[in-house]
Amino acid sequence: MKIITGMHRSGTSIVARLMFEAGGDFGDPNTFYRPEKWNPEGYYEQPEFHAINMPVINGPFWKLSYFHLPSTKTLTKRAAKYSKEIRAVSEKYGDKIVKEVRFCLTLPGWRAQGTRFERAVVCLREPLEVAKSVDKRFHVGYRRSLELWRIHNERLLENLGDLPRWFIAYHNILNPETRRREIAAALEFMDLDHSDATLDRLSQLIRSPRNSADAREAIQYPRRVQDMWDTLLGLHQAQFASKETAYAAKD
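Residues numbered from 1 in each chain as written. Predicted model: local features only at pLDDT ≥ 70, side-chain atom pairs only at ≥ 80, totals over all residues. Heavy atoms only, no water.

**Things to note about the sheet that holds strand S3 (residues 119-124)**
Spatial strand order, S2-S1-S3-S4: 4 strands in an open sheet with parallel pairing. Whereas interior strands pair on both sides, the edge strands pair on one side only; in this sheet they are strand S2 (97-99) and strand S4 (165-169). This sheet shows a mean twist of 20 degrees between the axes of neighbouring strands, independent of strand direction. Note: strand S1 (residues 2-5) against S2, 3 bridges, orientation parallel. Bridging across to S2, Lys-2 finds its partner in Ile-97. Here helix H1 (residues 12-21) sits on the sheet in contact with S1, S2, S3 and S4, set at roughly 145 degrees to S1. Against the sheet, helix H9 (residues 179-189) engages S3 and S4, with an angle of about 160 degrees to S4. (Pairing = 2+ DSSP bridges. Helix = DSSP H or I, 4+ residues; strand = E, 2+ residues; numbered from the N terminus. Axes fitted to C-alpha atoms, helices over the stretch in contact; angles between N-to-C directions. Contact = heavy atoms within 4.5 Å.)

**Regarding the packing of aromatic side chains**
Within this structure, the stated rule accounts for 13 aromatic pairs. For the ring pair Phe-20 and Phe-26, a centre distance of 6.1 Å and an interplane angle of 70 degrees mean the geometry is edge-to-face. The partly exposed category is assigned to Phe-20, whose relative accessible area is 24%. Pairing Trp-149 with Trp-229 gives two aromatic rings, centres 5.8 Å apart and planes at 70 degrees, and the pair type is edge-to-face. One end of the pair, Trp-149, is in helix H7 (residues 142-160); the other, Trp-229, is in helix H12 (residues 223-250), and 80 residues separate them in sequence. The burial state of Trp-149 is the same as that of Trp-229; both residues are buried. Members of the aromatic cluster, joined through ring pairs, are Phe-49, Tyr-93, Phe-103, Trp-110 and Phe-117. Here the basic side chain of Arg-119 rests over the ring of Phe-189, its NZ or CZ set 5.4 Å away from the ring centre. Above the ring of Phe-240, the side-chain terminus of Arg-181 is found at 3.9 Å from the ring centroid. (Phe/Tyr/Trp six-rings, centres within 6.5 Å; stacked < 30°, edge-to-face > 60°. Buried < 20%, exposed > 50% of the residue type's maximum accessible area, 1.4 Å probe, protein only. Lys NZ or Arg CZ within 6 Å of the ring centre and 35° of its normal.)

**Concerning the pattern of salt bridges**
Considering all chains together, one arrives at 18 salt bridges under this definition. Across the pair Arg-17 and Glu-41 runs a salt bridge whose closest N-O atoms are separated by 3.4 Å. Of this pair, Arg-17 sits in helix H1 while Glu-41 sits in the loop between H1 and helix H2 (47-58), and the two are 24 residues apart along the sequence. One salt bridge connects Asp-191 with Arg-119, and the closest N-O pair in it is separated by 3.3 Å. Taken together, the residues span a long stretch of sequence, with Asp-191 in the loop between H9 and helix H10 (196-203) and Arg-119 in strand S3 at a distance of 72 residues. Its relative accessible area of 53% is what places Asp-191 among the exposed residues. Owing to a relative accessible area of 17%, Arg-119 belongs among the buried residues under this scheme. Residues joined by salt bridges that share partners form a network here, namely Lys-2, Glu-118, Arg-119 and Asp-191. (Salt bridge = Lys/Arg side-chain N within 4 Å of Asp/Glu carboxyl O.)

**Brief notes about the packing of H2 against helix H3 (residues 72-80)**
Where H2 contacts H3, the two axes come as close as 9 Å, and the packing angle between them is 135 degrees. Overall, the two elements H2 and H3 adopt an arrangement that is oblique. As H2 packs across H3, the resulting crossing turns out to be right-handed. Contacts between H2 and H3 pair Pro-55, Val-56, Ile-57 and Asn-58 from the former with Leu-75, Arg-78 and Ala-79 from the latter. Per-class residue counts for the contact of H2 with H3 are 5 nonpolar, 1 polar and 1 charged. (Parallel < 35°, antiparallel > 145°, perpendicular 65-115°, else oblique. Left-handed = near helix turned anticlockwise from the far one by under 90°. Nonpolar A, V, L, I, M, F, W, Y, C, P; charged D, E, K, R; others polar.)

**Observations regarding the packing of H2 against helix H4 (residues 83-92)**
With their axes 11 Å apart at the nearest point, H2 and H4 run at an angle of 150 degrees to one another. Comparing their axes, H4 and H2 come out roughly antiparallel. At the point where H2 passes H4, the crossing takes the left-handed sense. Of the residues in H4, those touching H2 at Glu-48, Phe-49 and Ile-52 are Glu-85, Ile-86, Val-89 and Lys-92. For the contact of H2 with H4, a count of residues per class yields 4 nonpolar, no polar and 3 charged.

**Describing the environment of Pro-176**
The residue Pro-176 is located in the loop between helix H8 (170-174) and H9 in this model. Here Pro-176 falls in the exposed class, since its relative accessible area comes to 60%. Each C-alpha atom, one on Pro-176 and one on Ile-219, is 24 Å from the other, the two residues being 43 residues apart in sequence.

**Considerations on the side chain of Arg-150**
Take Arg-150: it is sitting in helix H7. When residues no more than four places from it in sequence are discounted, the contact partners of Arg-150 are Arg-224, Val-225 and Met-228.

Put into C-alpha cells, the structure is as follows:
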C-alpha cells in the first residue's frame, strides 16, 4: 500500500487529487468521502479507513481526545480490536494509493495487524496556516492546534521507521515558480506519470489562495514547534539534494 499522509489541513487532498489525475489508483471514486464546505474539491479518501482510524484515535472520548492524544502504545492496543477489519481493508487496498491523515498516529497499529506499506508521501504545510485552519474547523484553540501539528509530525517521523518517504511542501505547490519541480518529484516517487504534458494539465487544477508570506515571517513559534518545522524543511531540502547527486552519478 502506498500512502499519502501528514497533519490535518496540510494539503493532503490537493496532493491526492494531483496523483489521482496523474493516473493513481485510489480505489473506486464513487465511494470517496464526499466533498463538503471544508473541502469542496473533494478528499480522495475511502471511508473504510475512517471507520477504523477514527475510533482507534478517539476511543471513548471522541473528539475530546484531541486535547490529550493517546500514546502510540494505546493506539496500537486499540487497533488490535479492529484486527479483522484492518486485514480486510488492507487486502482490498494493498496495491493502491491511500490518502489518510490519521496514519500519522495509527501506522504502528496497522503494521501490527500485518498491513504492508510500500512507501509514503508526507505533506508539509506552514504551522501557522495549519493551526488557523484546524482551530477554525475543530475549535481546539490556536495554541493547541500548533501543538497538534507538532505531535502529528513528530509521531509520523517516528512511525515511518525505515519506510521510504517523500516530503512534498504545500507552499511549493502553490508557487508557480516551484510547482512543477515539487509535483514532478512526488509523482516520480509514486511511479506515476510526470511528463511535461501531465504537469501542464495538473498545474491548471491549482488555485493559489491569498499570499500569507507576511504572516509566516511575523510569527514566532514555540521552540519545539519551530524545531520540528526546521527538521521537516531540512528533510525536504535534503531529499532533492540527494536526488540531484544520484542523477549526477548516473551521468
